[in-house]
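# Summary of the model geometry
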Amino acid sequence: MTEVSMPTNIALIKYMGKKDTVLNIPDNSSFSYTLNDLTTTVSLSPIEGKQDHWDSQEDKSRFIKHLDFLRKTFSKDIFYTIKSSNNFPSGCGLASSASSFAALTECFAEINQLNLSIDEKSALSRQGSGSSCRSFYKPFALWSEDEVVAIELPYKKFIHQVIVVSSEKKTISSSEAHRLVKSSLLYTDRKIRAEKRLTELLDSFRKQDWQKGYEIVWQEFQDMVALFETAANPFSYLKLSSYFVLDTLRDYWHTHHDGPLVTMDAGPNVHLLFREDQESMAKMLGDAFRERFMVI
């Protein structure tokens, strides 16, 4: 048996829509922070026969398909018992597919003793889950077209919290959301907006202009939400509790002129990223939200 754990990541500049749905090539560049404390652990154990055995309660179809893709790519004829578990809620917008497909790819490479570079494993993982390609790079990853690179910035590490307002399974998957947003009239100029924000966000981080970074990251996830809500068949992941959390954080910034970076993924839950010198702030806000919600 071989067992591997890999982290998920949170995009500060989102990729929305795909120009190639087979290879998972995005329409725009994305920029993420790797969340080392939120991980998926995958184990593979060789078995007799010609069919994998899935030992998990999670949906298996995409996972098995990716394992079969890896097996065919490297001309292997070994089948496995597959176990997968997260240390955080899955299927509710916390990017569990990013960590799980990265872990499956890494585990397959290890058990088969494949001498692959990080870039090669990232590219393979991307074909199972687009965002998983960023989980191989730390602390920040920049993904453009079919290339991902690690980015070094003055901020070496963030304190990360997720305000989990709901751990219910999403009714619309992230993959489906990527398809649906293309019907929004706002999508026409989406790439222009995203690439501009990417340039501005990297510049603000390099200058350590934290408030500017907060404003850009906030605008970016609101852009994502607007795409969801203006699709031909509108949808939303946000709940009333999501708005409560966001309003509380916006008021905190207005009062203190400082605070965490705030973002969301395709789900109702809210991610907070604090500078290392904001440890006491992170504890105070975490304790305050913990009175009503799960905080991880």
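So, a few notes on the structure that sits alongside this text. (Residues numbered from 1 in each chain as written. Predicted model: local features only at pLDDT ≥ 70, side-chain atom pairs only at ≥ 80, totals over all residues. Heavy atoms only, no water.)

### Some thoughts on the environment of Ala123
Looking at where Ala123 falls in the secondary structure, it is placed in helix α3 (residues 118–126). Sequence separation between Ala123 and Glu147 is 24 residues, and the spatial gap between their C-alpha atoms is 7.9 Å. (Helix = DSSP H or I, 4+ residues; strand = E, 2+ residues; numbered from the N terminus.)

### Remarks on the pattern of salt bridges
Scanning the entire structure with this criterion turns up 22 salt bridges. Asp287 is the partner of Arg290 in a salt bridge, and the nearest nitrogen-oxygen pair spans 2.9 Å. Remark: Asp287 and Arg290 occur in helix α8 (residues 279–290); sequence separation between them is three residues, near one turn of the helix. Judged by its relative accessible area of 42%, Arg290 is partly exposed. For Asp287, a relative accessible area of 34% corresponds to the partly exposed category. Through salt bridges that share partners, Arg190, Arg193, Arg197, Glu220 and Asp223 make up one connected network. (Salt bridge = Lys/Arg side-chain N within 4 Å of Asp/Glu carboxyl O. Buried < 20%, exposed > 50% of the residue type's maximum accessible area, 1.4 Å probe, protein only.)

### Thoughts on the packing of aromatic side chains
Taken as a whole, this structure holds 23 aromatic pairs when the rule is applied. Considering the side-chain rings of Tyr80 and Phe108, the 6.5 Å spacing of their centres and the 75 degrees angle between planes classify their relative orientation as edge-to-face. One end of the pair, Tyr80, is in strand β6 (residues 79–86); the other, Phe108, is in helix α2 (residues 96–111), with 28 residues separating them in the sequence. This pair shows no difference in class: Tyr80 is buried, exactly as Phe108 is. Ring centres 5.6 Å apart and planes at 80 degrees place the aromatic pair Phe140 and Phe158 in the edge-to-face group. A residue pair is termed long-range when its members are at least 10 positions apart, and Phe140 in strand β7 (residues 140–144) and Phe158 in the loop between β8 (147–151) and β9 (159–164) qualify at 18 residues. Exposure class is identical for Phe140 and Phe158. Each is buried. By way of ring pairs, the aromatic residues Phe31, Tyr33, Phe140, Tyr155, Phe158, Phe205 and Trp210 are connected into one cluster. For the cation-ring pair, Arg71 lies above Phe79, with the distance from its terminal atom to the ring centre recorded as 4.0 Å. Its end group placed over the ring of Trp210, Arg275 keeps NZ or CZ at 5.1 Å from the ring centre. (Phe/Tyr/Trp six-rings, centres within 6.5 Å; stacked < 30°, edge-to-face > 60°. Lys NZ or Arg CZ within 6 Å of the ring centre and 35° of its normal.)

### Structural notes on the nonpolar core
If you look at the biggest cluster of nonpolar residues, it comprises 63 residues, and the most contacted ones within it are Phe31 and Phe205. Looking at which element gives the most residues to this core, the answer is helix α6 (residues 210–229), with 10 residues. Beyond its immediate chain neighbours, meaning those up to four positions away, Phe205 contacts Leu12, Phe31, Phe140, Leu153, Pro154, Tyr155, Phe158, Gly213 and Leu261. With 27 residues, the next largest nonpolar core counts Tyr80, Phe108, Ala141 and Val148 among its residues. (Core = buried A, V, L, I, M, F, W, Y, C linked by side-chain atoms within 4.5 Å. Contact = heavy atoms within 4.5 Å.)

### Topic: the packing of helix α5 (residues 190–206) against α6
With their axes 9 Å apart at the nearest point, α5 and α6 run at an angle of 160 degrees to one another. Taken together, α5 and α6 sit at an angle that is classed as roughly antiparallel. Crossing of α5 over α6 shows left-handed handedness. Residues Arg190, Arg193, Ala194, Arg197, Glu200, Leu201, Ser204 and Phe205 of α5 pack against Lys212, Gly213, Ile216, Val217, Gln219, Glu220, Asp223 and Leu227 of α6. Of the residues assigned to the contact of α5 with α6, the class counts are six nonpolar, three polar and seven charged. (Axes fitted to C-alpha atoms, helices over the stretch in contact; angles between N-to-C directions. Parallel < 35°, antiparallel > 145°, perpendicular 65-115°, else oblique. Left-handed = near helix turned anticlockwise from the far one by under 90°. Nonpolar A, V, L, I, M, F, W, Y, C, P; charged D, E, K, R; others polar.)

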